[in-house]
Amino acid sequence: MTTNQALFERACQSIPGGVNSPVRAFRSVGGTPRFIAKAKDAYLWDEEGKQYIDYLGSWGPAIVGHAHPEVVEAVQKAAENGLSYGAPTKAEIELAECLIARIPSLEEVRLTSSGTEATMSAIRLARGFTGRNKIIKFEGCYHGHSDGLLVKAGSGLLTFGNPTSAGVPAEFAQHTLVLSYNQIDDVKAAFAKYGSEIACVIVEPIAGNMNLVKPIPGFLETLKEQCQAHGALLIFDEVMTGFRAGPQGVQGLTGITPDLSTFAKVIGGGMPVGAFGGRRDIMQYVAPVGPVYQAGTLSGNPVAVAAGLKTLEIIARPGFYEQLSRTAEMLTQGLTQLAKEAGIAFSADYVGGMFGIYFRETPPTTLEEAGDVNADQFKQFFHLMLDAGVHLAPSSYEAGFVSAAHHDNIINQTLEIAKVAFSQLT
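Remember, it's a predicted structure, so these values are computed and weren't measured experimentally.

A.B. asks: Help me understand the side chain of Ser-395 in this model?
C.D. replies: Note that Ser-395 resides in the loop between β15 (390-391) and β16 (400-401). On the accessibility criterion, Ser-395 (8% relative accessible area) is buried. When sequence neighbours within four positions are dropped, the list of residues in contact with Ser-395 reads Val-23, Ser-28, Val-29 and Phe-378.

And the structure:
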């Protein structure tokens, strides 16, 4: 038995499924999770000492590379002054000001400890501001594990959702209307029927939780138009895309301004930080100045904020995003060409430092298309790459990430390994 296998068996005795987040269990690809001992730059090392090129990036936040010396130094300095105060700090003001300065739609911001908290709070705020209960979300978009968002569409276009997790009462889910991502007519039909009851639409403006799926032309514009016409709020969940897709998130790439936005991952630099923010008149509904309650002992934690501030400083340096995008382009184009040469149905896409790989001829535009891939080939490819020292996301429904530490030689090494893997697929 390998060390990883022994650790996994041991973990299963004390942790449900042996993991603290379900996708880590490798259930969709099979095999044994790698237990990571350390990370540096573009690499991970497991408990057996094996090195991997990392394209997981802690699911997004490791945009400057793992254990960046400047980020580590900032964390160490903050930790020397104490790990948590439960009181206001100057640094949390600086982080809020930094977010507001960079994201045009933000006028005020509230910090949280996670993306789940941020999206949950933004929806509560939208309901409190509008006085309405119903919300729209989209299949394949994940907004954290709060009760009202663990919902799957029922039969028919405008059927309210059913819980997709035990422990979520149907009454919680009945106010959530689930539509298909990128289906403009569905959005118009939903607002035509329920417009006066809808508090908000929440969307990943570029999806990253059904693999990387981009919005089709007119989709986000329709969301904005329908929300404005019916008095609902538009929430961009940029937990994954914020500062990943570009220096102003997807809203900077598209020019579409949401009423509220949520962030996490990159703004914590690898530590637990989230945020929600938007128009001042909406944010003034948040306690203690307004009636919508939201709180958190560790919100604005000084050590986590220090990591986020330094990361945001680094990614603002000239040429950062140009290089990041070039790296993602080099990887995705290289993989696509190698698959073509091997006669494998394959496509890939990227935006900023995010990328998606799909064992199908074209990138998907919906959850249904994202599931229409050769799952067996993905599983084979995943394990061939992993065994050869390349750590990809352990699911065909997850996006991947490159960092500033993924230099050309690392990409070329990855492509060499991928060439062998493609040739061995059945």
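A.B. asks: Which parts of the structure should I look at to understand helix α7 (residues 219-230)?
C.D. replies: Three or four residues apart is the spacing at which side chains of an α-helix point the same way, because the helix has 3.6 residues per turn. For α7, which comprises 12 residues, the first-to-last C-alpha distance of 17 Å matches the rise-based estimate of 16 Å (1.5 Å per residue) to within 8%. Of the surrounding elements, those touching the buried residues of α7 are β5 (134-138), α6 (184-194), β9 (198-203), β10 (233-237) and α8 (249-254).

A.B. asks: Looking at this structure, I do not really get the nonpolar core. What am I missing?
C.D. replies: Generally speaking, soluble globular proteins have nonpolar side chains that are buried together. Within the largest apolar cluster, 67 residues are counted, with the highest numbers of intra-cluster contacts made by Tyr-55, Leu-99, Phe-243, Phe-381 and Phe-422. There are two domains that each give this core at least three residues, and those are domain 1 (4-67 + 318-423) and domain 2 (69-316). Those residues within four positions of Tyr-55 in sequence are excluded, and the remaining contacts are Leu-331, Phe-355, Val-390, His-391, Leu-392, Gly-400, Phe-401, Val-402, His-406, Ile-410, Ile-411 and Thr-414.

A.B. asks: Is there a simple way to explain the side chain of Lys-224 in this structure?
C.D. replies: With respect to the helices, strands and loops of the structure, Lys-224 is situated in helix α7. The charged side chain of Lys-224 is buried without a salt bridge, its nearest counter-charge being Asp-259 at 4.3 Å. Look past the residues within four positions of Lys-224 in its chain and what remains in contact with it is Leu-234, Ile-256, Thr-257 and Asp-259.

A.B. asks: Honestly, the UniProt feature "modified residue: N6-(pyridoxal phosphate)lysine" (unreviewed entry) in the protein in this entry has me stumped. Any pointers?
C.D. replies: Look at the UniProt record and you will see "modified residue: N6-(pyridoxal phosphate)lysine" (unreviewed entry) annotated at Lys-265. Within the fold, Lys-265 resides in the loop between β11 (260-263) and β12 (274-278). Classification of Lys-265 by relative accessible area gives partly exposed; the value is 24%. Residues in contact with Lys-265, not counting those within four places in the same chain, are Trp-59, Gly-60, Pro-61, Val-239, Met-240, Gly-270 and Val-273. Engagement of the side chain of Lys-265 in a polar contact is seen with the backbone oxygen of Trp-59, the distance being 3.5 Å.

A.B. asks: Even after reading the chapter, I still don't get the packing of aromatic side chains, so can you show me in this structure?
C.D. replies: Working definition: an aromatic ring pair is given by the centre-to-centre distance plus the angle between the planes. Applying the stated criterion across every chain yields a total of 17 aromatic pairs. Every member of this aromatic cluster is reached through a ring pair, and the members are Phe-26, Phe-346, Phe-359, Phe-378, Phe-381, Phe-382 and Phe-422. Geometry around Trp-45 places Lys-38 over its ring, the cationic atom sitting 4.9 Å from the centre.

A.B. asks: Teacher, can you tell me more about the pairing of β11 here?
C.D. replies: As a general feature of sheets, a regular strand has side chains that alternate between the two faces. Burial along β11 is two-sided: Leu-260 and Thr-262 facing one way and Ser-261 and Phe-263 facing the other are all buried. Taken together, the three bridges between β10 and β11 define a ladder with parallel strand orientation. Counterpart to Asp-237 in the pairing with β11 is Thr-262. At this point the chain moves from β10, through α8, to the parallel β11, and the crossover so formed is right-handed. Where β11 and β12 come together, four bridges link them in antiparallel fashion. Residue Thr-262 lies in a different strand from β12, and its bridge partner there is Phe-276.

Definitions and limits used
- Each chain has its residues counted from 1, following the order in which its sequence is written.
- Local features are withheld for residues below a pLDDT of 70 in this predicted model, meaning they are given only at 70 or higher, and side-chain atom pairs are given and counted only at 80 or more; totals for whole chains, interfaces and linings count all residues.
- Values shown for side chains rest on all heavy atoms present in the structure; no hydrogens or waters enter the calculation.
- Strands here are runs of E lasting at least two residues and helices are runs of H or I lasting at least four, both read from the DSSP assignment and numbered beginning at the N terminus.
- For the exposure calls, accessible area comes from a 1.4 Å probe over protein chains only, and a residue counts as buried if that area is under 20% of its type's maximum, exposed if over 50%, partly exposed in between.
- It only takes one pair of heavy atoms within 4.5 Å for two residues to be counted as in contact.
- Helix span is expected to be 1.5 Å times the residue number reduced by one.
- Here, the term nonpolar core denotes a set of buried Ala, Val, Leu, Ile, Met, Phe, Trp, Tyr and Cys residues that are joined through side-chain atoms within 4.5 Å.
- Where each domain begins and ends follows an automated or database-derived domain assignment.
- Only four residue types enter the charge count, namely Lys and Arg as positive and Asp and Glu as negative; His and the chain termini do not.
- For this document, the term salt bridge refers to a Lys or Arg side-chain nitrogen within 4 Å of an Asp or Glu carboxyl oxygen.
- UniProt positions are given in the numbering used here, feature names are shortened, and annotations may be inferred rather than shown by experiment.
- We call two N or O atoms a polar contact when they sit within 3.5 Å, provided that within protein one can donate a hydrogen and the other can accept it, with sequence-adjacent residues counted only if both atoms are side-chain atoms.
- Here is the rule: rings of Phe, Tyr and Trp (six-membered ring for Trp) pair when centre to centre is within 6.5 Å. Planes less than 30 degrees apart are stacked, more than 60 are edge-to-face, and the remainder are tilted.
- Lysine NZ or arginine CZ positioned within 6 Å of the ring centre and within 35 degrees of the ring normal marks a charge as sitting over the ring.
- In this description, strands pair whenever DSSP reports at least two bridges between them.
- Classification remark: right-handed applies to a crossover when, strands pointing away from the viewer, the course from the first strand over the helix to the second runs clockwise.

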